[in-house]
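The residues making up each chain are set out below.
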Amino acid sequence: TLLVVLAIAVGLVGSGSVLNTYSILQQALRGGYLATNPPSAIIHTENIDDALLDDIGKLPAVSEVESQLHVDGLALVGERWRPIRLFVLDDFQNNRIGLVEPVTGAWPPSDREIVLERSSLSVAEVGLGDDLRLGVVHGHSLALPVSGIVRDSGLAPGWMENVIYGFITSQTLSSLGGSPNFDRLQIVVGGNKLDQDFVRGVAFEVKTLIESTGRAVHDVSVPEANQHVHAEQMDSLLFVQAALGLLALVLSAVLILNLMTAILAGQIREIGVMKALGASPGQVVGIYLALAVLLGVTASALAIPIALWTGNAYAEYVAGLLNFDIADYHPRAYVVLLQLAAGALLPLVATIVPVYRASRMSVVEALRDYGIGDRMFGSGVTDRVLGRASGPTRPLLLSLRNSFRRRLRLVLTLLALATGGAVFLGTLNLRTSIRQQVTTTFDAMHFDITVGLAQSYPYSEIEQVIADVGGIASLEACRFARASLVYNDKTQGNAFAINGLPPRTELVEYPLLEGRWLESGDSNALVVNNQFIDAEPDVQLGDKVTIQTGGQESEWVIVGIVVSSPSRPIAYASRDFLSELAGEPGRGNHALVAVSGDDTANQEQLLQQLQLALAGAGFEVQMAHLMQNVRVVMEDHLLMVAAFLVVMSLIIIVVGGLGLATTMSLAVLERTREIGVMRAIGAPHKTIHNIILVEGLFIGMLSCLIAIPLSVPMSLVVGNAFGQIMFQAPIAFVATPSSLVTWTAIVLVVSTMASFFPALNATQQTLAETLAFE
């Protein structure tokens, strides 16, 4: 009974923790993230001044408007230059959109000082009062004191993105050689912020006003209304975890069914006596259903406080991933009541059928019941085969024979254990599949360094400067642009990146899903990745689309769909056509560089040499990334999420292990007199102990054999769900022998533990007690 209560409690803790986490996060998103007053739309333009802000602020549907400037630079961390993103506001004192929360130190920043976002402190390796050396333009560098620490809930954590976030004034940017030309416009609508069509309409009304002043609008982005950038992925993953927790709870019902079936089997004659004395079927049902509910309520009383604590701890961790604070939020009352109802009602549902059947037995059938008879044991094929065997293996065969005495109980026990094993193997296979998927993604990128320039330069000059740096295996100058789809109603979709590549690029070879890759002579041909198709579901292979880039509209044809970066929508086009479209033929602003050798330290040193060489040649480096670092960050994120699923699968295994322990305890209890007889005719304690232990190990290994084939569809289900959430495409199924070895070892440990104490109990009673047992 204690094992059953523990199993229900474990299932409730697993499912309840995720439900509590979800409830806390939903409230924190509304009370925390929304309190920052996130922008309803973001518009990239040029030369934003006070006059333009005033004109936009007068529009009836615009509640608030502000300008910003984001500058990508480099910060010296130790002996390495790390990427830093600087946020520049014209007036920090009157900032009303995307509010930041001061943590410690000064806010807002003063001239020639920097305030860091707290999630990037570990990347910057500095603290309050330390100096951080920055470089932004043409090799200019300046050491700025860190005067404050803030939290910006609208940003993905810096440690997750491997980037430093800093806030500086426009005067500080000028000291770094940058130009405080504000080009990012943020608006908050005054109407229904949750109506994305309404927000988009207001955003394009603002776009029209901006264009009427002669300014070009590069793109318009309307983020998901009042939703953190990672909230959808986190909700989906919490849903998967909740499903696994619910599975653990349902499997705990199997234990209840085993227990109640055993109780009923042992008390059939008592039920017959009660009915002979006048008990109605309803009264009999009420007695045993009340017991089942009592088990559930007891388990709930044990599990709910633990689920509240773990749910709060998990919510705090997830909030850290989303970069906001859960403060004093708690799960809503109905969530806790739902867990209590599940704990009380699940045992009721699990036991109602066997209890009903027992209550409908006639008095004669019940009084003649003597437990296990020929109908249940001894007449099957397995029994007859094992019964003919003799010799020194007899105790072993007895263990195997005992395993099949209660076939329904065996089936239910195997179901619980095998399901836990299948889920565990599925999550382990998912980890291997993630690594394989990341490897496939980055193997398609035959370059080690990517460099972005603030302006365009002739392709030949970019390649010449980089080629003069030693250790370069190959390189390609490219054209990078931001664009957006133009719909039939003349509104635009959210911005995406277009990478203009050489006609016969040797540094990119993304796997094709549909269509073809770029070819020589292509002009307006466009290849998009699967994230692009996910963001624009109405676009299909072969469609003609209108794209705006650089303030100009042009017609393109979707010729291919590939699997590339899992983080954002990207399109690929001919660099020559893209540069001609921008009115800058033969000029690029990007470079892909392949390095000789795979040594990461050597690559980092070469990256610094590239930056110095480009800056020395007068090229303004906007960003430079080592792809190995990008890969590590991506893989760590994905594996961290997969680790949560492994934990949920372990909860299911615990439930299965408790189920096996319950089965073995009931088996020993039912065979108490048989064990007494064996002891009376000379069986030593070791033999009896081994018979029970081998029986448990046999059931465990049988579940292992069932779990292995069952893990294949489970791996496909888990992999497809995870792939659709994180990659917008299924990930390849990969199974490894190590996962099978791990699972087999776990089964052996669980089976041994589940059988050891029942086997010990079988030898603790005196011979007289075992023979007199009823």
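We now turn to the structure provided with this report. All values derive from a computational prediction rather than experimental measurement. (Residues numbered from 1 in each chain as written. Predicted model: local features only at pLDDT ≥ 70, side-chain atom pairs only at ≥ 80, totals over all residues. Heavy atoms only, no water.)

Some words on the overall build of the protein
Turning to step 1, where the next piece is worked out: Scanning the protein for helices and strands turns up 23 helices and 20 strands.
Turning to step 2, where the next piece is worked out: Within the protein, the fraction of its 774 residues that count as buried is 53%.
Turning to step 3, where the next piece is worked out: Considering only intrachain contacts with a sequence separation of at least 6, the fraction spanning at least 24 residues in the protein is 82%. (Helix = DSSP H or I, 4+ residues; strand = E, 2+ residues; numbered from the N terminus. Buried < 20%, exposed > 50% of the residue type's maximum accessible area, 1.4 Å probe, protein only. Contact = heavy atoms within 4.5 Å.)

A short note on a nonpolar patch on the surface
Turning to step 1, where the next piece is worked out: Where nonpolar side chains cluster on the molecular surface, the patch consists of Leu2, Leu6, Leu302 and Ile306 and spans about 350 Å² of accessible area.
Turning to step 2, where the next piece is worked out: Positionally, Leu6 belongs in helix H1 (residues 2-33).
Turning to step 3, where the next piece is worked out: Classification of Leu6 by relative accessible area gives partly exposed; the value is 31%. (Patch = residues over 30% accessible without salt bridge, like charges linked within 9 Å, V, L, I, M, F, W, Y side chains within 5 Å. Areas by Shrake-Rupley, 256 points an atom, 1.4 Å probe, with all protein chains shown as cover. Salt bridge = Lys/Arg side-chain N within 4 Å of Asp/Glu carboxyl O.)

As for the packing of aromatic side chains
Turning to step 1, where the next piece is worked out: Across all of its chains, the model carries 11 aromatic pairs by this definition.
Turning to step 2, where the next piece is worked out: Ring centres of Phe92 and Trp107 lie 5.4 Å apart, and the angle between their planes is 80°; this geometry places the pair in the edge-to-face category. Separated by 15 residues along the polypeptide, Phe92 in the loop between strand S3 (80-89) and strand S4 (101-105) and Trp107 in the loop between S4 and strand S5 (114-117) bring together distant segments of the chain.
Turning to step 3, where the next piece is worked out: We classify Trp107 as partly exposed; its relative accessible area is 25%.
Turning to step 4, where the next piece is worked out: Ring geometry for Trp107 and Phe167: centres 5.5 Å apart, planes at 90°, overall edge-to-face. In this pair, Trp107 is assigned in the loop between S4 and S5 and Phe167 in strand S8 (residues 164-168), connecting sequence segments 60 residues apart.
Turning to step 5, where the next piece is worked out: Residue Phe167 is classed as buried on the basis of its relative accessible area, which comes to 4%.
Turning to step 6, where the next piece is worked out: Put simply, the rings of Phe87, Phe92, Trp107, Tyr165 and Phe167 touch in pairs and so form one group of aromatic residues.
Turning to step 7, where the next piece is worked out: Taking the ring centre of Tyr459 as reference, the NZ or CZ of Arg575 above it sits at 4.1 Å. (Phe/Tyr/Trp six-rings, centres within 6.5 Å; stacked < 30°, edge-to-face > 60°. Lys NZ or Arg CZ within 6 Å of the ring centre and 35° of its normal.)

Considering the nonpolar core
Across soluble globular proteins, nonpolar side chains have a tendency to be buried as a group.
Turning to step 1, where the next piece is worked out: Counting 93 residues, the largest nonpolar core has Ile434, Trp517, Tyr572 and Phe722 as the members making the most contacts within it.
Turning to step 2, where the next piece is worked out: Per-element tally for this core: the top contributor is helix H7 (residues 231-266), with 16 residues.
Turning to step 3, where the next piece is worked out: Formed by 46 residues, the second largest nonpolar core is a distinct cluster that contains Leu176, Val189, Val199 and Ile210. (Core = buried A, V, L, I, M, F, W, Y, C linked by side-chain atoms within 4.5 Å.)

What about a negative patch on the surface?
Turning to step 1, where the next piece is worked out: Together, Asp50, Asp54, Asp55, Asp90 and Asp91 make up a negatively charged patch on the protein surface.
Turning to step 2, where the next piece is worked out: Position of Asp50 relative to the elements: it lies in helix H2 (residues 50-57). (Lys, Arg positive; Asp, Glu negative; His and termini not counted. Charge placed at Lys NZ, Arg CZ, Asp CG, Glu CD.)

Quick notes on the pattern of salt bridges
Turning to step 1, where the next piece is worked out: Counted under the stated rule, the structure contains 10 salt bridges.
Turning to step 2, where the next piece is worked out: Asp49 is paired through a salt bridge with Arg215; the nearest N and O atoms lie 3.1 Å apart. Taken as a pair, Asp49 in the loop between strand S1 (41-44) and H2 and Arg215 in the loop between helix H6 (196-212) and strand S10 (219-221) lie far apart in primary sequence, 166 residues in all.
Turning to step 3, where the next piece is worked out: Note on Asp49: relative accessible area 34%, which makes it partly exposed.

What to know about the packing of H2 against H6
Turning to step 1, where the next piece is worked out: Running from N to C, H2 and H6 point in directions that differ by 140°, and their axes come no closer than 10 Å. Between H2 and H6, the angle falls in the class oblique. Considering the relative orientation of H2 and H6, their crossing is right-handed. Of H6, the residues touching H2 (which contributes Leu52, Asp55 and Ile56) are Val206, Leu209 and Ile210. (Axes fitted to C-alpha atoms, helices over the stretch in contact; angles between N-to-C directions. Parallel < 35°, antiparallel > 145°, perpendicular 65-115°, else oblique. Left-handed = near helix turned anticlockwise from the far one by under 90°.)

Observations concerning the packing of helix H14 (residues 407-443) against helix H19 (residues 627-670)
Turning to step 1, where the next piece is worked out: Viewed as axis vectors pointing N to C, H14 and H19 meet at an angle of 170°, and their least axial separation amounts to 8 Å. Considered as vectors, H14 and H19 are oriented roughly antiparallel to each other.
Turning to step 2, where the next piece is worked out: The residue inventory of the contact of H14 with H19, partitioned by class, reads 23 nonpolar, 11 polar and six charged. (Nonpolar A, V, L, I, M, F, W, Y, C, P; charged D, E, K, R; others polar.)

Digging into helix H20 (residues 672-680)
Turning to step 1, where the next piece is worked out: Among all positions in H20, only Thr672, Ile675, Gly676 and Arg679 are buried. Viewed end-on, H20 has its buried residues packed into an arc of 105°, placing them on one side of the element.
Turning to step 2, where the next piece is worked out: Looking one or two residues past H20, Gly682 carries a phi angle of roughly 110°, positive in sign. (Arc of directions from axis to C-beta.)

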